[in-house]
Amino acid sequence: MATKVSISTLFIRERKFHRVRWREAGKVRRKFFKVKAAAEGYAAQLRGEQLGVNQFWSLLTQDEREGLFLIWREGKRRNVDWLALLGRMEAAGGVVSPGCGAVLTELIEAKRGAGRSKDYLTSVKAIVGRFIRGREAMPMRDVGFEMLRRHMDLISLAGRATVRSRLATWFKYGMRHGYCAANLCERLERAKVLAKLPEIFTPEQLRTCLEYLRTNPPEPNTPHKDRPKPGQCHAGAAWFILTAGAGLRPEEAMKVTAEMLHLDEERPFVELPAEISKPGQWRLIYPLPEVVGALRWAGENGAVQPFPLKHKSRLLRRLRERLGWERWAHDVTRHSAGSYWLAVTNDQKHVVEMLGNSERIFRRHYKRPMPLATAKNYFKEFAGFTGNPAGGCIGTSARATRAG
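This structure is a prediction, so every number in the text was calculated from the model and none was measured. (Residues numbered from 1 in each chain as written. Predicted model: local features only at pLDDT ≥ 70, side-chain atom pairs only at ≥ 80, totals over all residues. Heavy atoms only, no water.)

### Brief notes about the overall build of the protein
Inference 1: On a plain count of helices and strands, the protein comes out with 18 helices and six strands.
Inference 2: Counting across all 404 residues of the protein, residues that qualify as buried make up 40%.
Inference 3: Counting only carbon and sulfur atoms, one obtains 51% of the accessible surface of the protein, whose full area is about 23,900 Å². (Helix = DSSP H or I, 4+ residues; strand = E, 2+ residues; numbered from the N terminus. Buried < 20%, exposed > 50% of the residue type's maximum accessible area, 1.4 Å probe, protein only. Areas by Shrake-Rupley, 256 points an atom, 1.4 Å probe, with all protein chains shown as cover.)

Written out as structure tokens, the structure is:
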């Protein structure tokens, strides 16, 4: 039975009030309100009636109103449907957020089903896995901003952009499925790192690398039966020429097969299918004549395509020892090819198309001033690799190069 409640209006010290009167435990109770809607809402609540929006809002204090407004605004900004989220929690018995490790596994499977590359999946799994290490069973909704901030403080400035991007992918996936309420990465300050000029080979350094690949000296303690045959180049020679001369990414060049090298055509080219090309787009690369000649010679004298990944680190270690480098510079072969190719052809659009870059990335990496004479000497080294240092036609205009 509903409680009998009455509302009356009266004046106290010449000020108007609305009184709610009811009986509770045999005693008369009274409560005064300045606003009639608030009095009616409180009375309806006592009677067990369902409150209207206006009545409910009038019963809230100022702090409660501000709190609800902030929740509504954040949900609107982050595209979170609070009612749908609560509905999923109720349907799941109050447990809607799986463990962090389970969400990562679910994310990887979803990205794999969407056709993302193996390298991308490996990157996401490694970066997010380091963040949630030891917390795999923790519900994703319990991950706090302070936890994220402490983790990012351990990352170098140069690596924060990538880490932030991968973690944001994980949080956004959780938001879309109702596992967490917000992408905490949005609260992180973006790191600003000054772009450095890419490291590239000098013509002399390229000659050192090509000389090692051409002569192919045996590894220390190599059994006699496993030593390379006289006059046979290194198995990775074609891979190195593809990335240092034709500008392929090292991981792309490792997947190129002999069938993709169309070197006997009137206008020789390298075919790069979409499944190999990093941008996911089919590409044709037209190397300069010196590079084409070096690829032909390498293929006829022991080079292997595709070049096995397990042999790449050993080859780079030997080249690094001969160059006197403590480390192998990131993408030094590709950056060298792009920088010198631009200097020789003076055609940015053509080189961008050959490298498979966006123009923004190209401008960031390949605007290093490069004398034309140095660029010509760089590509002459490929002609020297075949034993014909005077061969080739360096300095051909970009238009003539594209026309064959």
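### Observations concerning the nonpolar core
Inference 1: In this structure, Phe-201, Phe-240, Ile-241, Phe-379 and Phe-382 are the most contacted members of the largest nonpolar core, which totals 61 residues.
Inference 2: Breaking this core down by element, the ones donating at least two residues are α9 (203-215), α10 (237-244), β5 (269-272), α12 (289-300), α13 (309-323), α14 (332-345), α15 (348-355) and α17 (372-385).
Inference 3: Here this core gets seven residues from one element, more than from any other, and that element is α10.
Inference 4: Sequence-distant contacts of Phe-201, defined by excluding residues within four places in its chain, comprise Leu-206, Cys-209, Phe-240, Leu-323, Trp-325, Trp-328, Val-332, Thr-333, Ser-336, Tyr-340 and Tyr-378.
Inference 5: Core analysis: the second largest hydrophobic core is formed by 29 residues, Cys-100, Leu-107, Ile-127 and Leu-167 among them. (Core = buried A, V, L, I, M, F, W, Y, C linked by side-chain atoms within 4.5 Å. Contact = heavy atoms within 4.5 Å.)

### Looking at the pattern of salt bridges
Inference 1: For the coordinates displayed, the defined rule picks out 10 salt bridges.
Inference 2: Between Asp-264 and Arg-296 there is a salt bridge whose closest N-O contact spans 3.8 Å. Here the residue Asp-264 occupies a position in the loop between β4 (261-262) and β5, and Arg-296 occupies one in helix α12, the gap between them amounting to 32 residues.
Inference 3: According to the relative accessible area criterion, Asp-264 is exposed, its value standing at 73%.
Inference 4: Each of Glu-146, Arg-149 and Asp-153 takes part in a single network of salt bridges with overlapping partners. (Salt bridge = Lys/Arg side-chain N within 4 Å of Asp/Glu carboxyl O.)

### Some words on unusual backbone geometry
Inference 1: Between Gln-305 and Pro-306 the backbone carries a cis peptide bond, its omega angle lying at 0°.
Inference 2: Along the chain, Pro-306 turns up in the loop between α12 and α13.
Inference 3: Despite not being glycine, Glu-14 has its phi angle at roughly 65°, a positive value.
Inference 4: Not every positive phi belongs to a glycine, and Asp-331 is a case in point at roughly 50°.

### A few points about the packing of α10 against α17
Describing two packed helices takes the angle between their axes plus the distance from one axis to the other.
Inference 1: Between α10 and α17, the shortest axis-to-axis distance is 12 Å and the interhelical angle comes to 160°. In terms of orientation, α10 and α17 fall into the roughly antiparallel class. Relative to α17, α10 is oriented so that their crossing is left-handed. Across from Ala-237, Ile-241 and Ala-244 in α10, the residues of α17 making contact are Tyr-378, Phe-382 and Phe-385. (Axes fitted to C-alpha atoms, helices over the stretch in contact; angles between N-to-C directions. Parallel < 35°, antiparallel > 145°, perpendicular 65-115°, else oblique. Left-handed = near helix turned anticlockwise from the far one by under 90°.)

### Looking at the packing of α14 against α17
Inference 1: Viewed as axis vectors pointing N to C, α14 and α17 meet at an angle of 120°, and their least axial separation amounts to 8 Å. The angle between the axes of α14 and α17 places the two elements in the oblique class. Seen from above, α14 lies across α17 with left-handed handedness. Here Ser-336, Ala-337, Tyr-340, Trp-341, Ala-343 and Val-344 of α14 lie close against α17, whose contacting residues are Leu-372, Thr-374, Ala-375, Lys-376, Tyr-378 and Phe-379.
Inference 2: Looking at side-chain class alone, the contact of α14 with α17 contains nine nonpolar, two polar and one charged residues. (Nonpolar A, V, L, I, M, F, W, Y, C, P; charged D, E, K, R; others polar.)

### Considering the pairing of β5
On a regular strand, each side chain points to the face opposite its neighbour's, so the side chains alternate between the two faces of the sheet.
Inference 1: Examined bridge by bridge, β4 and β5 share two bridges and lie antiparallel to one another. The residue bridging Leu-261 from the neighbouring strand is Val-270, located in β5.
Inference 2: In textbook terms, the turn of a hairpin is the stretch between consecutive antiparallel strands, and for β4 and β5 this stretch comprises six residues.
Inference 3: Here β5 pairs with strand β6 (residues 283-285) via three bridges, running antiparallel. Bridge pairing in β6 places Leu-272 opposite Arg-283. (Pairing = 2+ DSSP bridges.)

### Here we look at the sheet that holds strand β3 (residues 27-33)
Sheet strands pair by backbone hydrogen bonding; their relative direction is either parallel or antiparallel.
Inference 1: On the basis of which strands lie adjacent, the open sheet formed by three strands has the order β1-β2-β3 and antiparallel pairing. Looking at the sheet topology across the chains shown, the edges are occupied by β1 (5-12) and β3. Direction aside, neighbouring strands of the sheet carry axes that sit 30° apart on average.
Inference 2: Two elements, strand β2 (residues 15-24) and β3, share seven bridges in a ladder whose sense is antiparallel. Bridged to Arg-21 within β3 is Arg-30.
Inference 3: Across the sheet, helix α1 (residues 36-47) is in contact with β1, β2 and β3; its angle to β2 comes to roughly 5°.

### Topic: the sheet that holds β6
Inference 1: The strand order β4-β5-β6 describes an open sheet built from three strands, whose pairing is antiparallel. Taken across any chain shown, the strands that pair with only one partner, and hence form the sheet edges, are β4 and β6.

### Observations concerning the packing of aromatic side chains
Inference 1: One pass over the structure, following the stated rule, counts 15 aromatic pairs.
Inference 2: Considering the side-chain rings of Trp-325 and Trp-328, the 5.5 Å spacing of their centres and the 50° angle between planes classify their relative orientation as tilted.
Inference 3: Accessibility expressed as a relative area gives 21% for Trp-325, which makes it partly exposed.
Inference 4: Following the ring pairs from residue to residue traces out a cluster consisting of Phe-201, Phe-240, Trp-325 and Trp-328. (Phe/Tyr/Trp six-rings, centres within 6.5 Å; stacked < 30°, edge-to-face > 60°.)

### Considerations on the environment of Glu-146
Inference 1: With respect to the helices and strands, Glu-146 occurs in helix α7 (residues 145-153).
Inference 2: Note on Glu-146: relative accessible area 39%, which makes it partly exposed.
Inference 3: Residues Glu-146 and Leu-184 lie 38 residues apart in sequence; the distance between their C-alpha atoms is 9.6 Å.

### Things to note about α17
Inference 1: End to end, α17 covers 21 Å across 14 residues, agreeing with the expected 20 Å (1.5 Å per residue, within 8%).
Inference 2: Among all positions of α17, only Ala-375, Tyr-378, Phe-379, Glu-381, Phe-382, Ala-383 and Phe-385 are buried.
Inference 3: The inward-facing, buried residues of α17 abut α9, α10, α12 and α14. (Expected span 1.5 Å × (residues − 1).)

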